[in-house]
Amino acid sequence: VSLRTTAIVLAATVVALLLWLGYRSVRPPTPGPLDNDVAESLGIQRRVGEDFTYGLPVVINKGDEPAVLERIEPVDPTPGLRVIDTRMNGSERKYFYFASGKWPDPERFTDLHPVAGFVVHPESVEGWERGAELIFVLRADSPGRYKFKAVAVEYRVGSREHRAILDVGLGVCVTKGRKMPNRRCNKPPTDLDTSRES
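Here we summarise the structure given alongside this text. (Residues numbered from 1 in each chain as written. Predicted model: local features only at pLDDT ≥ 70, side-chain atom pairs only at ≥ 80, totals over all residues. Heavy atoms only, no water.)

### Comments concerning the packing of aromatic side chains
And step 1. Considering all chains together, one arrives at seven aromatic pairs under this definition.
And step 2. Measuring from ring centre to ring centre gives 6.3 Å for Tyr54 and Phe136, while their planes differ by 35°; the resulting arrangement is tilted. One end of the pair, Tyr54, is in strand β3 (residues 52–54); the other, Phe136, is in strand β9 (residues 132–140), with 82 residues separating them in the sequence.
And step 3. On the basis of relative accessible area, Phe136 is assigned to the buried category, the value being 0%.
And step 4. A centroid spacing of 6.1 Å and a plane angle of 45° characterise the contact between Trp103 and Phe109, whose relative ring orientation is tilted.
And step 5. An aromatic cluster of at least three residues, connected via ring pairs, comprises Tyr95, Phe98, Trp103 and Phe109. (Phe/Tyr/Trp six-rings, centres within 6.5 Å; stacked < 30°, edge-to-face > 60°. Helix = DSSP H or I, 4+ residues; strand = E, 2+ residues; numbered from the N terminus. Buried < 20%, exposed > 50% of the residue type's maximum accessible area, 1.4 Å probe, protein only.)

Structure representation (structure tokens):
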């Protein structure tokens, strides 16, 4: 195999991968049973380098079949806001949700599971009326204001693939100390429409 052929194959592979990643990031939501009942957002302050949780999103299965999760992620987060880990807090959790705290926190997150393969049963199944809580472990290593206005949930129902977009946002002011740089820094996102900037 010539070097030219190898270079062409590698270039085609890279282009295909970039197109696939781009498709994942902009892929629109699909009709499916996972939903949340509210659109809301949270504004908080955290310190540089601190691992913290975001647990405001909750999904409820409004359908008749189990939904098997594949991935959860913030939609278009501010660069520099890193996702360290993702988990699901299941139907036997103590609190309906715990919006934000330190990580780990076994007192508040009491039914943790990996995301991939986690099954969200229909709300008609006993014990699943409250659905499941999405847990994001986040960190920013530089001061500033970071935000996202929605989270995406990729899952399967049988052989059908779905992507839900939950209009649940976060605004976080990351500082080196306790002092807030200004009063507006830790405001939540005011516009939950992910197609516009607030």
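Let's pick the thread back up.
### Quick look at the pairing of β9
Successive residues of a regular strand alternate their side chains across the two faces of the sheet.
And step 1. For β9, a buried count of nine out of nine residues is recorded, marking the element as mostly surrounded by other parts of the structure.
And step 2. Residue alternation in β9 divides its side chains into two sets, Ala132, Leu134, Phe136, Leu138 and Ala140 and Glu133, Ile135, Val137 and Arg139, and both sets are buried.
And step 3. Of the pairings in the sheet, the one linking β3 to β9 comprises three bridges and is antiparallel in character. Its bridge partner lying in β9, Phe52 is registered against Leu138.
And step 4. As paired strands, strand β6 (residues 81–89) and β9 are joined by eight bridges and run antiparallel to one another. (Pairing = 2+ DSSP bridges.)

### Regarding the sheet that holds strand β5 (residues 67–74)
And step 1. Taking strand neighbours across the sheet as the criterion, the four strands line up as β8-β5-β11-β12 in an open arrangement whose pairing is antiparallel. Bordering the open sheet on either side are β8 (119–120) and β12 (160–166), each of which pairs with just one other strand.
And step 2. When strand β11 (residues 151–157) meets β12, the two strands line up antiparallel, connected through seven bridges. Across the sheet, Val157 pairs through a bridge with Arg160, a residue of β12.

### Overview of unusual backbone geometry
And step 1. Going from Trp103 to Pro104, the amide bond is cis rather than trans, its omega being -5°.
And step 2. Here Pro104 is to be found in the loop between β6 and β7 (112–113).
And step 3. For Asp76, which is not glycine, the phi dihedral falls at a positive 50°.
And step 4. Checked against the element boundaries, Asp76 lands in the loop between β5 and β6.

### With respect to the environment of Gly117
And step 1. Mapped onto the elements of the fold, Gly117 is located in the loop between β7 and β8.
And step 2. Given the relative accessible area of 46%, Gly117 is considered partly exposed.
And step 3. The spatial distance from the C-alpha of Gly117 to the C-alpha of Tyr155 is 8.9 Å, given a sequence separation of 38 residues.
And step 4. Ignoring any residue separated from it by four or fewer positions in sequence, one finds Gly117 in contact with Val68 and Leu69. (Contact = heavy atoms within 4.5 Å.)

### Structural notes on the pattern of salt bridges
Side chains that differ in sign of charge can pair as their charged atoms come close.
And step 1. Scanning all chains against the criterion turns up nine salt bridges.
And step 2. A salt bridge links Asp85 to Arg87, with the nearest nitrogen and oxygen atoms 3.1 Å apart.
And step 3. With a relative accessible area of 28%, Arg87 lands in the partly exposed category.
And step 4. A salt bridge links Asp105 to Arg108; its shortest N-O distance comes to 2.9 Å.
And step 5. Through salt bridges with shared partners, one network takes in Arg71, Glu73, Glu154 and Arg163. (Salt bridge = Lys/Arg side-chain N within 4 Å of Asp/Glu carboxyl O.)

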